[in-house]
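# Descriptive analysis of the structure
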Amino acid sequence: MRNPMFVFDERTTDLVLDYCRERLALDPVPLDYGGYATDFTGLLDGLIGQAANDPQDVLNLFTHSLATAVVSIDSPRFLSFIPAAPTKAALLFDMVVSCSSLNGTSWLLAAGVVAAENQALGVLRTLAGLPEEAGGTFVSGGSAANLSALLVARDTADVPPGTRPAVAVSAEAHSSVAKAIHILGCDALTVPTPDHRLTGDGLEAALEAAHGTVVAVVATGGTTNAGIVDDLAGVAAVARRRGIWFHVDAAYGGGALFSSSARSRFSGIEEADSVVIDPHKWLFAPYDCAALLYRHPALAKAVHTQDAAYLSAFRVAPRPPGRPPAGSAGGGEAPWNPTDYAYHLSRRSRGMPLWFSLAVHGTDAYRDAVDAALDTARAAAALVRAAPHLELVREPELSVVLFRRPGWQREDYDEWSARLLGDQVALVVPTVWEGEPVARLALLHPETTLDVIAEVLDSMA
Ligand SMILES: *Cc1c(COP(=O)(O)O)cnc(C)c1O
């Protein structure tokens with residue numbers, strides 16, 4: 001008898017696809033509630049045992065009890081952390097990636113898929129103004145991308161034996177950068193930032209005063225907390241002159257490269273040795289998807305390639321069955337193995353949902369969707385300025401708006417935030433700015449309307 005796990009089952013297929021269809025059709029996606037329940041043991045106890053369950057019962061448990069304890073990050077009322085707004089086309093194609101078991105590790109196993117992922121990377125490379133030869137891979141997130149890029153920076157630098165390499169960062173760099181520096185056994189050289197922006201002059205002064213070997217500098221293309229873009233051109237110039245690796249973390253802000261109104265803020269990104277952009281943030285792809293691009297991919301390949309006997313076939317250019325090797329040397333090298341450009345080995349072809357959506361919709365639609373959030377952020381800032389009970393912390397550069405309700409303490413913000421979620425108005429959680437609690441709107445969903453923003457602001461009166 002066949003093992004039922006591997007037999008096509010029409011009923012379960014319909015059940016799951018019907019659920020997906022319903023979820024895709026939600027318009028708008030309701031906000032719902034997150035982690036209020038503290039204990040799911042009663043629900044989950046005994047579910048997984050030796051015997052099978054009816055798929056309908058398990059799916060019902062998910063849809064009625066588990067999925068309802070989720071706050072929907074793709075709701076246009078989700079205005080915290082970094083929201084998500086995956087396109088329908090990208091979500092649908094994510095199912096294709098799963099159902100086809102697409103493994104994007106090597107050219108040998110998935111040449112066509114690798115070519116398509118590289119086409120999507122090429123769109124980002126062109127937006128960033130990186131040279132034609134630039135390339136890389138999609139990894140799980142900005143954190144994995146930062147770590148992979150900084151490993152290349154460290155391993156390709158000249159570090160005198162017995163000295164600990166250092167990476168220059170600003171205090172505003174993402175927490176994953178500090179984590180990567182720690183994992184890599186490097187020191188962080190924290191560069192002071194007047195007005196929260198890393199500048200070339202600031203970097204120069206810090207390098208002048210530094211002891212030890214600084215191997216890289218990390219600039220941020222849109223800080224996550226405030227949407228501030230560092231002085232990329234200034235930092236690039238200093239990095240070039242000093243011969244240190246210039247990494248740009250545009251995990252959140254990189255989507256703004258699509259916008260003609262924001263593109264000039266990123267001037268200098270074209271000088272980067274490595275760039276990170278998270279399509280699962282502002283490029284409307286489903287989780288998990290981060291683009292990692294290197295100016296000189298060969299450097300990354302030399303650092304990241306995994307060497308194992310059973311993988312040696314990845315290195316050789318594949319040829320059609322029955323054909324002799326092309327050229328006299330016996331086939332040459334495989335054109336592109338995505339696995340060689342980060343610390344991973346096996347990888348899902350997670351760039352494909354972005355690729356499909358870009359191809360289906362065209363880049364103008366992406367530009368318009370990015371512009372929508374930028375416009376909403378500017379309009380939200382204007383609403384804050386016009387509200388007598390509120391104070392704008394600073395003009396938004398990208399799509400994050402910080403503002404305060406004078407007189408409020410952290411508890412007031414927390415209470416207000418819980419009330420807004422309870423009333424299903426929005427998810428808006430406070431953040432900290434210069435040691436003080438403030439409200440923060442992270443805008444990204446093109447369908448977040450000014451009416452929603454007005455509701456949020458009015459609720460603070
Ligand atoms: C979100 C973010 C990261 C981390 O990305 P993940 O995809 O969450 O791992 C890194 N840097 C910046 C600037 C970010 O906004």
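As shown above, the structure is provided for reference.
The following refers to the structure shown. (Residues numbered from 1 in each chain as written. Predicted model: local features only at pLDDT ≥ 70, side-chain atom pairs only at ≥ 80, totals over all residues. Heavy atoms only, no water.)

We now examine the packing of aromatic side chains. Tallied over the full model, the rule gives 11 aromatic pairs. With a centroid separation of 4.4 Å and an interplanar angle of 10 degrees, the aromatic rings of Trp336 and Tyr341 are classed as stacked. Neither Trp336 nor Tyr341 differs from the other in exposure class; each is buried. These aromatic residues form a ring-pair network of at least three members: Phe93, Trp355 and Phe356. (Phe/Tyr/Trp six-rings, centres within 6.5 Å; stacked < 30°, edge-to-face > 60°. Buried < 20%, exposed > 50% of the residue type's maximum accessible area, 1.4 Å probe, protein only.)

This brings us to unusual backbone geometry. The residue after Asp27, namely Pro28, is reached through a cis peptide bond having omega 0 degrees. Within the secondary structure, Pro28 sits in the loop between helix H1 (10–25) and helix H2 (41–44). In this structure, Asp288 follows Tyr287 across a cis peptide bond, with omega equal to -5 degrees. Checked against the element boundaries, Asp288 lands in the loop between helix H10 (279–282) and strand E7 (290–294). One non-glycine residue, Phe81, lies in positive phi territory at about 45 degrees. (Helix = DSSP H or I, 4+ residues; strand = E, 2+ residues; numbered from the N terminus.)

The next subject is the sheet that holds strand E4 (residues 213–220). With mixed pairing, 7 strands are arranged side by side in an open sheet as E1-E7-E6-E5-E4-E2-E3. What marks the edges here is a single partner per strand, and that holds for strand E1 (135–139) and strand E3 (187–191). Sheet twist, expressed as the average angle between the axes of neighbouring strands with direction ignored, equals 20 degrees. Bridging between strand E2 (residues 165–170) and E4 involves 4 bridges; their strand directions are parallel. Paired with Val167 across the bridge in E4 is Ala216. Across the face of the sheet, helix H7 (residues 175–183) comes into contact with E2, E3, E4 and strand E5 (245–249) while running at roughly 175 degrees to E2. (Pairing = 2+ DSSP bridges. Axes fitted to C-alpha atoms, helices over the stretch in contact; angles between N-to-C directions. Contact = heavy atoms within 4.5 Å.)

So, about the pairing of E4. With 8 of its 8 residues buried, E4 lies for the most part within the structure. For E4 and E5, the ladder comprises 5 bridges, and the chain directions are parallel. Bridge pairing links Thr220 to Asp249 in E5.

Quick look at H7 now. For H7, the full list of buried residues reads Ser176, Val177, Ala180 and Ile181. The buried residues of H7 all sit within an arc of 140 degrees when viewed along its axis, so they share a single face. Counted as exposed and oriented over 90 degrees from the buried face of H7: Ser175, Ala178, Lys179, His182 and Ile183. Here the buried face of H7 lies against helix H6 (142–155), E2, E3, E4 and E5. (Arc of directions from axis to C-beta.)

Remark: helix H4 (residues 88–99) packs on helix H12 (residues 352–361), axes separated minimally by 8 Å, with the N-to-C direction vectors making an angle of 135 degrees. Between H4 and H12, the interaxial angle falls into the category oblique. Here the hand of the crossing between H4 and H12 comes out right-handed. Together, Ala89, Ala90, Phe93, Asp94 and Val97 of H4 and Met352, Pro353, Trp355, Phe356, Ser357 and His361 of H12 make up the contact between the two elements. Grouping the constituent residues of the contact of H4 with H12 by class yields 8 nonpolar, 2 polar and 1 charged. (Parallel < 35°, antiparallel > 145°, perpendicular 65-115°, else oblique. Left-handed = near helix turned anticlockwise from the far one by under 90°. Nonpolar A, V, L, I, M, F, W, Y, C, P; charged D, E, K, R; others polar.)

Once that is clear, we can look at the sheet that holds strand E8 (residues 391–392). The strand order across the open sheet built from 4 strands is E8-E9-E11-E10, with neighbouring strands paired in antiparallel fashion. Strands at the two margins of the open sheet, each flanked by one partner only, are E8 and strand E10 (430–433).

With that settled, consider the side chain of Ser80. With respect to the helices, strands and loops of the structure, Ser80 is situated in the loop between helix H3 (55–66) and H4. A distance of 2.8 Å separates the side chain of Ser80 from the backbone nitrogen of Val429, its partner in a polar contact. The contact partners of Ser80, leaving out residues within four places of it in the chain, are Leu427, Val428, Val429, Arg440 and Ala442. (Polar contact = N/O pair within 3.5 Å; in protein donor to acceptor, adjacent residues only side chain to side chain.)

A word on the packing of H6 against H7. Their axes nearest at 9 Å, the elements H6 and H7 cross at an angle of 40 degrees. Between H6 and H7, the interaxial angle falls into the category oblique. In terms of crossing hand, the pair formed by H6 and H7 is right-handed. From H6, Ser143, Asn146, Leu147 and Leu150 reach across to H7, where they touch Ser176, Val177, Ala180, Ile181 and Ile183. For the contact of H6 with H7, the residue count by class is 6 nonpolar, 3 polar and no charged.

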